[in-house]
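Letter by letter, the chains look like this.
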Amino acid sequence: MAKTGALTGKRVLLIIAGGIAAYKSLDLIRRLRERGARVIPVMTRAATEFITPLAVGALAAEKVHLELFDRDDEIDVGHIRLARDCDLVVVAPATADLIGKMANGLANDLASTVLLATERPVLIAPAMNPTMWSNPAVSRNASQLLIDGAHFIGPVSGEMAEKGEAGVGRMAEPLDIVAEIETLLDNRPKPLAGRRAIVTSGPTHEPIDPVRYIANRSSGAQGHAIAAALANAGADVTLISGPVTLPDPRGVKMVKVERAVEMRDAALNALPADIAVMVAAVADWRVDAEASEKIKKSPGEAPPALALTENPDILKTIGHHEKRPKLVIGFAAETNDVEDNARAKLARKGADLIVANDVSPETGIMGGSRNTVSIIAADGVDRWPEMDKAEVAERLVALISERLNPL
Ligand code: CTP
């Protein structure tokens, strides 16, 4: 019984070629089924040297297709049926051999024949030794497949099965392949297609000396969620992030910075844009004269005084810029008089909307996964109930879409 999830009702034809990374395909099958997909496995003969059809079939709960001239299957030209009866073909792991066959239209076994016969999107997850991956013949074949419209994920960098070897050649992780499959099969509307967005997220770190800095409690969770939601809605997103421990959201251009001045420069660099959402908790001040060496304490001496200087206000700079995006949104992290303070910020910073939240310690918002916000516009306030930061992001993106594409 298939589960209900993001891939419910989808049929994924999974072609497993012969490489040591084939063991990860077992996990890929499990992850796809967890999300509701039906997985139809095809294995090359070489793949069966690495993992057994029994394991693949048991995890997929499907017949494993192995032979082109299978007497039972070919009664109704099985390879053509396999090629058509799916929403997507995934090749994981894709070997140099299979990539070469695909790029050159060769078909001498079931996997390569199905790939030639399909009109569905094809996602290729290569896995091979880094020297093989960087071989000009393989690069040529991979480039040709991109031109032909295939999608690639990985290979990624890391250690190889060969002792002591590392480099770009590892198959992408199953969860990343799943995320890419979800993106490829996502046929939700893309109201922000063709729009450019800049998002700032996370804290900034303002150095005191080479080992110390001034920071704040922002985790980047809300900013990263907004960047991801904008990308899901089709926007071309540049996410400028201070130091956070979160993974990079998929499908966004990441610019990683530490200090407010770097964040400002990156934001100005990302102009022109249609949308700017400034979520970062930018430090208001930086140390006036950053010490080039670690400041030492001397017995009996008073602690050093930290002279601070004001950081540039990125939201205000963008809000009053000659290339001002059509929609500029700021956040207001307040501990008191939340809405009044936010309304004052709207005008001062040149924003169209301010998303105000109460960050008093008892709310647990900073560092937490939930948020309660009010949307302050020149013409009024909209108070949203408490919800997940991901849901705040979705709703904000819906609001952005409405404002940019009025009916
Ligand atoms: N912001 C910014 N650059 C700064 C300070 C803040 O871009 N140097 C942005 C934040 O990303 C947020 C908004 O401005 O979108 C509000 O930040 P906040 O720190 O609450 O406002 P301040 O202007 O610092 O006002 P105050 O300290 O008086 O609350």
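What to know about a nonpolar patch on the surface
Logical step 1: Taken together, the side chains of Ile20, Tyr23 and Phe50 define a hydrophobic patch exposed on the protein surface, amounting to about 340 Å² of accessible area.
Logical step 2: Its place among the elements puts Tyr23 in helix 1 (residues 22–34).
Logical step 3: Taking the relative accessible area as the measure of exposure, Tyr23 reaches 51% and is therefore exposed.

What about the packing of helix 4 (residues 96–104) against helix 7 (residues 136–147)?
Logical step 1: In the contact formed by helix 4 and helix 7, the axes pass within 9 Å of each other and the chain directions differ by 50°. With respect to helix 7, the element helix 4 is oriented oblique. Both helix 4 and helix 7 take part in a crossing whose hand is left-handed. Counted together, Ala96, Ile99, Gly100, Met102, Ala103 and Asn104 of helix 4 and Val138, Asn141, Ala142, Gln144 and Leu145 of helix 7 form the full contact between these two elements.
Logical step 2: Grouping the constituent residues of the contact of helix 4 with helix 7 by class yields seven nonpolar, four polar and no charged.

A few points about the domain arrangement of the protein chain
Logical step 1: Domain boundaries assigned for the protein chain yield domain 1 (11–185) and domain 2 (196–404).
Logical step 2: The C-alpha centroid of domain 2 is placed 41 Å from the C-alpha centroid of domain 1.

Remarks on the sheet that holds strand 4 (residues 122–126)
Logical step 1: A sheet is described by the order of its strands in space; here five strands give the open sequence 2-1-3-4-5, paired in parallel fashion. One side of each edge strand has no neighbouring strand; the edge strands of this open sheet are strand 2 (38–43) and strand 5 (151–152).
Logical step 2: In the sheet, strand 4 pairs with strand 5 via two bridges, with the strands oriented parallel. In the sheet register, Ile124 faces strand 5, and the bridge partner there is Phe152.
Logical step 3: Contacting strand 1 (11–16) and strand 2, helix 2 (residues 53–60) runs over the sheet at an angle of about 170° to strand 2.
Logical step 4: Sheet strands in contact with helix 5 (residues 110–117) are strand 1, strand 2, strand 3 (88–94) and strand 4, and its direction is about 135° off that of strand 1.

Details of the side chain of Lys10
Logical step 1: With respect to the helices, strands and loops of the structure, Lys10 is situated in the segment before strand 1.
Logical step 2: For the buried Lys10, no salt bridge exists, and the shortest N-O distance to an oppositely charged side chain is 5.0 Å, to Asp87.
Logical step 3: Aside from chain neighbours lying at most four places away, what touches Lys10 is Ala37, Arg38, Asp87, Leu185 and Asn187.

Digging into the nonpolar core
Logical step 1: In terms of nonpolar packing, the biggest core is built from 34 residues, with Leu192, Leu230, Val237, Val277, Leu396 and Ile400 touching the most fellow members.
Logical step 2: Sorting the residues of this core by element identifies strand 8 (196–201), helix 9 (221–232), strand 11 (236–241), strand 13 (275–278), strand 16 (327–334), strand 17 (353–358), strand 19 (373–377) and helix 13 (389–404) as the ones contributing at least two each.
Logical step 3: Beyond its immediate stretch of four places on either side in the chain, Leu192 contacts Leu230, Ala233, Gly234, Ala235, Ile275, Val397, Ile400, Ser401 and Leu404.
Logical step 4: Formed by 31 residues, the second largest nonpolar core is a distinct cluster that contains Leu26, Val56, Ala172 and Ile181.

A word on the pairing of strand 2
Logical step 1: The element strand 2 is extensively covered by neighbouring structure, given that five of its six residues are classed as buried.
Logical step 2: Note that strand 1 and strand 2 share six bridges and pair parallel. The residue bridging Ile16 from the neighbouring strand is Met43, located in strand 2.
Logical step 3: Note on the crossover from strand 1 through helix 1 to strand 2: the handedness is right-handed.

The rules behind these values
- Residues numbered from 1 in each chain as written.
- Predicted model: local features only at pLDDT ≥ 70, side-chain atom pairs only at ≥ 80, totals over all residues.
- Heavy atoms only, no water.
- Patch = residues over 30% accessible without salt bridge, like charges linked within 9 Å, V, L, I, M, F, W, Y side chains within 5 Å.
- Areas by Shrake-Rupley, 256 points an atom, 1.4 Å probe, with all protein chains shown as cover.
- Salt bridge = Lys/Arg side-chain N within 4 Å of Asp/Glu carboxyl O.
- Helix = DSSP H or I, 4+ residues; strand = E, 2+ residues; numbered from the N terminus.
- Buried < 20%, exposed > 50% of the residue type's maximum accessible area, 1.4 Å probe, protein only.
- Axes fitted to C-alpha atoms, helices over the stretch in contact; angles between N-to-C directions.
- Parallel < 35°, antiparallel > 145°, perpendicular 65-115°, else oblique.
- Left-handed = near helix turned anticlockwise from the far one by under 90°.
- Contact = heavy atoms within 4.5 Å.
- Nonpolar A, V, L, I, M, F, W, Y, C, P; charged D, E, K, R; others polar.
- Domains from an automatic or database assignment.
- Pairing = 2+ DSSP bridges.
- Lys, Arg positive; Asp, Glu negative; His and termini not counted.
- Core = buried A, V, L, I, M, F, W, Y, C linked by side-chain atoms within 4.5 Å.
- Right-handed = clockwise from strand over helix to strand, strands pointing away.

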